Amino acid sequence: MTKVKVTIAGVEFNAVLEEEKAPKTCEVFRKMLPLKNKVIHVRWSGEAVWIPYGDERTGLGYENNTSHPQMGQMLLYIGGVSEMEIILAYGMCMFSSCSGQLSGNHFLTITDNLDKLNEVGKKVLWEGAQDIEIEYV
């Protein structure tokens with residue numbers, strides 16, 4: 001089980017890669033590490049933040065995909081109807097775009113500090129884009 005540290009707006013979370021359920025997605029994601037970017041609040045999905053990747057594509061298909069991520073679950077949307085993105089639910093979420101419901105590959109789960117995740121999500125909502133870093137522990 002590969003452990004990573006996710007830091008958003010200065011708040012640290014431990015997480016694990018879902019290697020048994022989404023091995024191909026985890027393999028692609030590992031190549032993105034260490035990841036340094038900004039998260040912005042979702043437009044359509046509810047309580048979640050996302051990193052847009054535009055027209056970038058990974059060649060992945062769907063695996064361990066869902067439209068209803070739980071708090072602390074991170075999905076990689078492979079692109080198609082909407083742009084490629086990584087989305088992290090901090091509360092109630094139904095993954096969607098202006099074109100309708102989407103499904104993304106659940107590849108990472110935050111394992112601690114979930115009580116702080118909601119605070120971070122609200123900070124992104126009310127204060128705008130925040131730094132995100134994901135790195136190996």
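Residues numbered from 1 in each chain as written. Predicted model: local features only at pLDDT ≥ 70, side-chain atom pairs only at ≥ 80, totals over all residues. Heavy atoms only, no water.

*Asks:* Is there a simple way to explain the nonpolar core in this structure?
*Replies:* Core analysis: the biggest nonpolar cluster contains 33 residues, and F29, L35, I86, F107, L108, I132 and I134 have the highest contact counts within it. If we ignore the near neighbours within four places in the chain, the residues touching L35 are F29, I51, Y53, I86, I132, E133 and I134. Formed by 10 residues, the second largest nonpolar core is a distinct cluster that contains A48, W50, C93 and F95. (Core = buried A, V, L, I, M, F, W, Y, C linked by side-chain atoms within 4.5 Å. Buried < 20%, exposed > 50% of the residue type's maximum accessible area, 1.4 Å probe, protein only. Contact = heavy atoms within 4.5 Å.)

*Asks:* I keep staring at the environment of N37 and nothing clicks. Help me out?
*Replies:* Relative to the helices and strands, N37 resides in strand β3 (residues 35-41). Here N37 is in contact with I51, Y53, Q130, D131 and I132, once residues within four sequence places are set aside. (Helix = DSSP H or I, 4+ residues; strand = E, 2+ residues; numbered from the N terminus.)

*Asks:* Would you take a moment to explain the environment of E12 for this structure?
*Replies:* Here E12 is to be found in strand β2 (residues 11-17). On the basis of relative accessible area, E12 is assigned to the partly exposed category, the value being 45%. Along the sequence, E12 and N65 sit 53 residues apart, while their C-alpha atoms lie 26 Å from each other. Those residues in contact with E12, other than ones at most four positions away along the chain, are K5, V6, T7 and N113.

*Asks:* Explain unusual backbone geometry to me, please; I cannot follow it from the model alone.
*Replies:* Only a minority of non-glycine residues have a phi that is not negative, and only a minority of peptide bonds are not trans. That bond from L33 to P34 is cis: its omega, -5°, falls within 30 degrees of zero. Among the structural elements, P34 can be located in the loop between α1 (23-30) and β3. One non-glycine residue with positive phi stands out, namely A9, at about 55°. Note on placement: A9 falls in the loop between β1 (3-8) and β2. The exposure class assigned to A9 is partly exposed, which follows from its relative accessible area of 25%. Residue N64 is not a glycine yet carries a positive backbone phi of 50°. Note that N64 resides in the loop between β4 (46-52) and β5 (65-66).

*Asks:* Explain the pattern of salt bridges to me, please; I cannot follow it from the model alone.
*Replies:* Side-chain pairs of opposite charge can arise where the charged atoms are in close proximity. All told, the structure shown has 6 salt bridges when counted by the stated rule. Across the pair E135 and K5 runs a salt bridge whose closest N-O atoms are separated by 3.3 Å. Linking E135 in strand β11 (residues 130-136) with K5 in strand β1, this pair joins segments that are 130 residues apart in sequence. On the basis of relative accessible area, K5 is assigned to the partly exposed category, the value being 23%. Of the charged contacts, one joins D131 and K38 as a salt bridge, the two residues approaching to 2.7 Å between their closest N and O atoms. Of this pair, D131 sits in strand β11 while K38 sits in strand β3, placing them 93 residues apart in sequence. On the basis of relative accessible area, D131 is assigned to the partly exposed category, the value being 44%. Counted as one network, the salt bridges with shared partners bring together K5, E12 and E135. (Salt bridge = Lys/Arg side-chain N within 4 Å of Asp/Glu carboxyl O.)

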